[in-house]
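Here are the chains, one letter per residue:
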Amino acid sequence: MRYANITGWGKCLPPAVLSNQDLSTFLDTSDDWIQSRTGIRARRIAHVNTSDMATVAARQALAAAGLEPHQIDGIILATASPDTLVPSAASAVQRNLGIPAAAVFDLNAACTGFIYGLSVGSAMIRAGSMNRLLVIGAERLTHYLDWTRRDTAVLFGDGAGAVVLEASDAPCGLIADKLGCDAEARDILAVPDSGTGRTRFAHVDGLFDVNFEGQEIFKRAVRGMGEAAAFVLDEAGVSPEHIDLMLPHQANVRIIETLAKKMAVPADKVMVNIADYGNTSAATVPIALCEALEQGRIRPGALLLTAAFGAGLTWGAGVIRWGERVTPIRQSDAALPPCEHSALTLLASAIEGCQQANKQR
């Protein structure tokens, strides 16, 4: 039987940091208000496209796996904020890496995207159609934000994370997974007027809103992730006490704490890094995975539980049995081009544009 072992991992975080104090300079908010409700202290603001961050994360993952780009058969890029809808952002990553023979595509399951991508990629390897795949979660969600709205402007950040999947005879990688979608309530977390459903020239060009009904999202997120996590634990034949580390989607620290309590996973076995990055959507799980490895929190053979919930309303969970290697084979010097501006400077025109557009509504 073939398995899809995770042999490489990498992340990319833009250097420009937008702190809660920065937000308070143009929004009616404060560090205490944001931290008490979300657990977020800061987030990153990209000065490049989504595919650029995805490329850096991918190069780091390839180096960790000891592979060259031409050895990759396919790229799955999980993102809800691609550079372009046509062509796919995955094709830009393919071009950047120089692997023209690979099969590539974008996958949009919002915040659950990386778990969806991991499931699809693992299935392709188990079926024998691929031997080595890159699965990437990358987002530039700050592009969508209305910077006059406190309820959403404080939540999101930019970044990317990637893993390499390789065919293996050892029983490792994603050993159980469950995906689903609660579409009945899809409008409670959405970016309206962002696709072909938008009437051209009918609204102020370039102004997007994120519909975000926080209390209802919280309730459905805990239920969706909790039910999916319980299913995959049962499918894998393991109990919560057997889990070595839980890697939840980093949307809100209260959701993470409630889910951990629901799953009977103690706090010291839960990876939490939302304070520094905010919600990077499809990138949260792979970034958290990379940092858990960097911190020595994943040992050979460890059992990991991951779960996520996102717009759609998609949900998913998986149990991962880690392989034997927890350190990179090589280090990559891949990095984004230098950023000469602060986060506030990068956002200045967007903030002004949102303020003016809302006055015209």
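Residues numbered from 1 in each chain as written. Predicted model: local features only at pLDDT ≥ 70, side-chain atom pairs only at ≥ 80, totals over all residues. Heavy atoms only, no water.

## Describing the overall build of the protein
Each helix and strand counted, the protein has eleven helices and 13 strands in total. The C-alpha atoms of the protein give 19 Å as radius of gyration, which agrees with the globular expectation for 361 residues (21 Å, within 12%). In terms of principal-axis extent, the alpha carbons of the protein reach across some 60 × 45 × 35 Å. In the protein, which comprises 361 residues, the proportion classed as buried is 56%. Sequence separation of 24 or more characterises 79% of the internal contacts of the protein that already satisfy a separation of 6 or more. Accessible surface computed for the protein: about 15,100 Å², of which carbon and sulfur atoms make up 49%. (Helix = DSSP H or I, 4+ residues; strand = E, 2+ residues; numbered from the N terminus. Rg over C-alpha atoms; globule rule 2.2 N^0.38 Å. Buried < 20%, exposed > 50% of the residue type's maximum accessible area, 1.4 Å probe, protein only. Contact = heavy atoms within 4.5 Å. Areas by Shrake-Rupley, 256 points an atom, 1.4 Å probe, with all protein chains shown as cover.)

## Topic: helix 4 (residues 89–97)
For helix 4, the set of buried residues is Ala 89, Ala 90, Ala 92, Val 93, Gln 94 and Leu 97. In the core, the buried residues of helix 4 are packed alongside helix 3 (50–65), strand 4 (74–78), strand 5 (103–107) and strand 6 (132–140). Count one or two residues on from helix 4 and you reach Gly 98, which has phi positive near 75 degrees.

## Observations concerning the pairing of strand 11 (residues 245–248)
Look at any regular strand and the pattern is simple: side chains alternate between the two faces of the sheet. A two-sided burial pattern is seen for strand 11, the buried positions comprising Leu 245 and Leu 247 on one face and Met 246 and Pro 248 on the other. Two elements, strand 11 and strand 12 (residues 303–310), share four bridges in a ladder whose sense is parallel. By the bridge assignment for strand 12, Leu 245 is matched with Leu 304. (Pairing = 2+ DSSP bridges.)

## Side note on the packing of helix 3 against helix 4
Two numbers describe how helix 3 lies on helix 4: the axes approach to 9 Å, and their chain directions differ by 50 degrees. With respect to their mutual orientation, helix 3 and helix 4 come out oblique. Considering only the axes of helix 3 and helix 4, their crossing is right-handed. Residues Ser 51, Asp 52, Ala 54, Thr 55, Ala 58, Arg 59 and Leu 62 of helix 3 lie in contact with helix 4, whose contacting residues are Ala 89, Ala 92, Val 93, Asn 96 and Leu 97. (Axes fitted to C-alpha atoms, helices over the stretch in contact; angles between N-to-C directions. Parallel < 35°, antiparallel > 145°, perpendicular 65-115°, else oblique. Left-handed = near helix turned anticlockwise from the far one by under 90°.)

## Some words on the pattern of salt bridges
Within this structure, the stated rule accounts for nine salt bridges. Note that Arg 220 is salt-bridged to Asp 182, the shortest N-O span being 2.5 Å. Placement of the pair is Arg 220 in helix 7 (residues 214–236) and Asp 182 in the loop between strand 8 (173–181) and strand 9 (189–190), with a sequence separation of 38 residues. Each member of the pair, Arg 220 together with Asp 182, is buried. (Salt bridge = Lys/Arg side-chain N within 4 Å of Asp/Glu carboxyl O.)

## Structural notes on the nonpolar core
Leu 23, Trp 147 and Leu 305 are the most contacted members of the largest nonpolar core, which totals 54 residues. Those elements that place two or more of their residues in this core are strand 2 (16–19), helix 7, helix 8 (253–262), strand 12, strand 13 (314–321) and helix 11 (343–360). With eight residues, helix 7 is the largest single contributor of residues to this core. Once residues within four sequence positions are removed from consideration, Trp 147 is found in contact with Leu 18, Leu 23, Phe 26, Leu 27, Ile 45, Thr 142, Ala 153, Leu 347, Ala 350, Ile 351 and Cys 354. (Core = buried A, V, L, I, M, F, W, Y, C linked by side-chain atoms within 4.5 Å.)

## Quick look at the packing of helix 7 against helix 8
The geometry of helix 7 relative to helix 8 is characterised by a closest axis approach of 10 Å and an angle of 40 degrees between their N-to-C directions. As for how helix 7 packs across helix 8, the hand of that crossing is right-handed. Between helix 7 and helix 8, the residues in contact are Phe 218, Ala 221, Val 222, Met 225 and Gly 226 and Arg 254, Ile 255, Thr 258, Leu 259 and Lys 262, respectively. Here the residues of the contact of helix 7 with helix 8 sort into six nonpolar, two polar and two charged. (Nonpolar A, V, L, I, M, F, W, Y, C, P; charged D, E, K, R; others polar.)

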